[in-house]
Amino acid sequence: MKKDLTLGAIAMLLVGASAYCNFYVAPNERTMGLIQRIFYFHAACGWTMFTAFFICFCSNIGYVLRREGRWDALGVSGAEVGLVFNSVVLVTGPIWAHPVWGIWWTWDARLTSTFVLWLLYVAYLLLRTLIEEPERRALLSALFGIFAFLDVPLVYGSIRWWRTQHPQPVIMGGPGSGLDPLMRKVFFFSSLAMHALMILLLVARYGLEKMRGEAEIIHRELEAV
Amino acid sequence: MKNLDSVFAAYLIGWGIFFVFYLTVARRTSALRADIERLKAAVNRGK
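Residues numbered from 1 in each chain as written. Chains lettered and ligands numbered in written order. Predicted model: local features only at pLDDT ≥ 70, side-chain atom pairs only at ≥ 80, totals over all residues.

**Overview of the overall build of chain A**
Counting secondary structure elements, chain A contains seven helices and zero strands. Reported as C-alpha extents along the three principal axes, the dimensions of chain A are approximately 70 × 40 × 30 Å. Burial status across chain A gives 36% buried among its 225 residues. Across chain A, the fraction of contacts at a sequence separation of at least 24, relative to all contacts at a separation of at least 6, is 77%. (Helix = DSSP H or I, 4+ residues; strand = E, 2+ residues; numbered from the N terminus. Buried ≥ 20, exposed ≤ 12 C-beta atoms within 10 Å, placed from the backbone. Contact = placed C-beta atoms within 7 Å.)

**A word on the overall build of chain B**
In terms of helices and strands, chain B carries one helix and zero strands. Considered along the principal axes of its C-alpha atoms, chain B spans approximately 70 × 5 × 5 Å. Out of the 47 residues belonging to chain B, those deemed buried represent 19%.

**A short note on the interface of chain A and chain B**
At the interface, 30 residues of chain A touch 28 residues of chain B. At the level of secondary structure, the elements contributing two or more residues to the side of chain A that touches chain B comprise α2 (38-66), α3 (69-101) and α7 (181-224) of chain A. Of the residues belonging to the side of chain A that touches chain B, the class tally is 20 nonpolar, five polar and five charged. (Nonpolar A, V, L, I, M, F, W, Y, C, P; charged D, E, K, R; others polar.)

**Considering the nonpolar core**
In this structure, Phe85(A), Leu197(A) and Leu201(A) are the most contacted members of the largest nonpolar core, which totals 58 residues. Mapped by element, the contributors of at least two residues to this core are α2, α3, α4 (109-130), α5 (134-149) and α7 of chain A together with α1 (4-46) of chain B. With near-sequence residues (within four places) excluded, Leu197(A) lies in contact with Ala11(A), Val15(A) and Phe18(B). (Core = buried A, V, L, I, M, F, W, Y, C linked by C-beta atoms within 7 Å.)

**Here's the deal with unusual backbone geometry**
Residue and element names in this part refer to chain A. Even without being glycine, Arg67 reaches a positive phi, approximately 55 degrees. With respect to the element layout, Arg67 can be found in the loop between α2 and α3. Residue classification places Arg67 among the partly exposed positions, given that 13 C-beta atoms sit within 10 Å.

**Regarding the environment of Thr92(A)**
Within the secondary structure, Thr92(A) is located in helix α3. With 30 residues separating them in the primary sequence, Thr92(A) and Gly62(A) have C-alpha atoms 33 Å apart.

**Points about the environment of Gly176(A)**
Residues and elements named next belong to chain A. Checked against the element boundaries, Gly176 lands in the loop between α6 (151-161) and α7. For Gly176, a count of 6 C-beta atoms within 10 Å corresponds to the exposed category. For the pair Gly176 and Phe53, spaced 123 residues apart in the sequence, the C-alpha separation amounts to 30 Å.

**Considerations on the packing of α3(A) against α4(A)**
Residue and element names in this part refer to chain A. At their nearest, the axes of α3 and α4 sit 10 Å apart, and the two run at 145 degrees to each other. α3 and α4 meet at a crossing whose hand is left-handed. The residues of α4 that touch α3, namely those facing Val76, Ala79, Glu80, Gly82, Leu83, Asn86, Ser87, Val89 and Leu90, are Thr114, Phe115, Leu117, Trp118, Tyr121, Val122, Tyr124, Leu125 and Arg128. Grouping the amino acids of the contact of α3 with α4 by side-chain chemistry returns twelve nonpolar, four polar and two charged. (Axes fitted to C-alpha atoms, helices over the stretch in contact; angles between N-to-C directions. Left-handed = near helix turned anticlockwise from the far one by under 90°.)

**What to know about the packing of α3(A) against α7(A)**
Residue and element names in this part refer to chain A. Two elements in contact, α3 and α7, have axes whose closest approach is 9 Å; the angle formed by their N-to-C orientations is 135 degrees. As the angle between them shows, α3 and α7 are arranged oblique. For the crossing formed where α3 meets α7, the hand is right-handed. Of α7, the residues touching α3 (which contributes Gly69, Ala73, Leu74, Val76, Ser77, Gly78, Glu80, Val81, Val84 and Phe85) are Met198, Leu201, Leu202, Arg205, Tyr206, Glu209, Lys210 and Gly213. (Parallel < 35°, antiparallel > 145°, perpendicular 65-115°, else oblique.)

On their own, these measurements won't tell you what the molecule is for.
As structure tokens, then:
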């Protein structure tokens, strides 16, 4: 309990400080102006979404290899938390796009692959509700989760491999790309804060999944009595 | 302050999504905890 409170306090402190930096520390972008400040939140959520789905992917592989319940619990927790970050990315992106592009949405490679990623993890969670037998549910969802993760490199690479309406990468984008040094620091700090929030949500969700496993065991015990 | 409303909306909706998710996890956890207590009591009664 004390550990959870400490983690929550650290995450909230980082998130609050990053929000302050996004608005008051980062310099104003010359062409876009104020609307560019969505970038620090939107892109940081995107990076955190990749981390959460990567945790899910590793857990899915862990379950396939070891068949231990804790990998399944971590897998579903990573998927759910990743989906939350994915949803934030899909909502904040169009809010930025409308004043800048004049349209809310376009079916370019980055936007489409991100939306497909969202659909894949919704399908992952739906699949889990359809199978009652715990071992079968864990194995099938782990296999589906490994397949779903194949879209992550596609989302990452889409703005590097194809010409898209979505802006080209400003971090790790190669020669000719880049970000103002202060903007870069604010962005990395925002990413750190989002990762702290992701860990907080992941711990809470993992705790719930472990309790669910405990409830299933007691249920079986009760049926045996 | 051009586009202030859009920036405000993006941050507010984003934080709202995180808050609602945390709230649902907390609610599901407390409901499950109550369920486990009920099940444990039923097991003890059966023994």
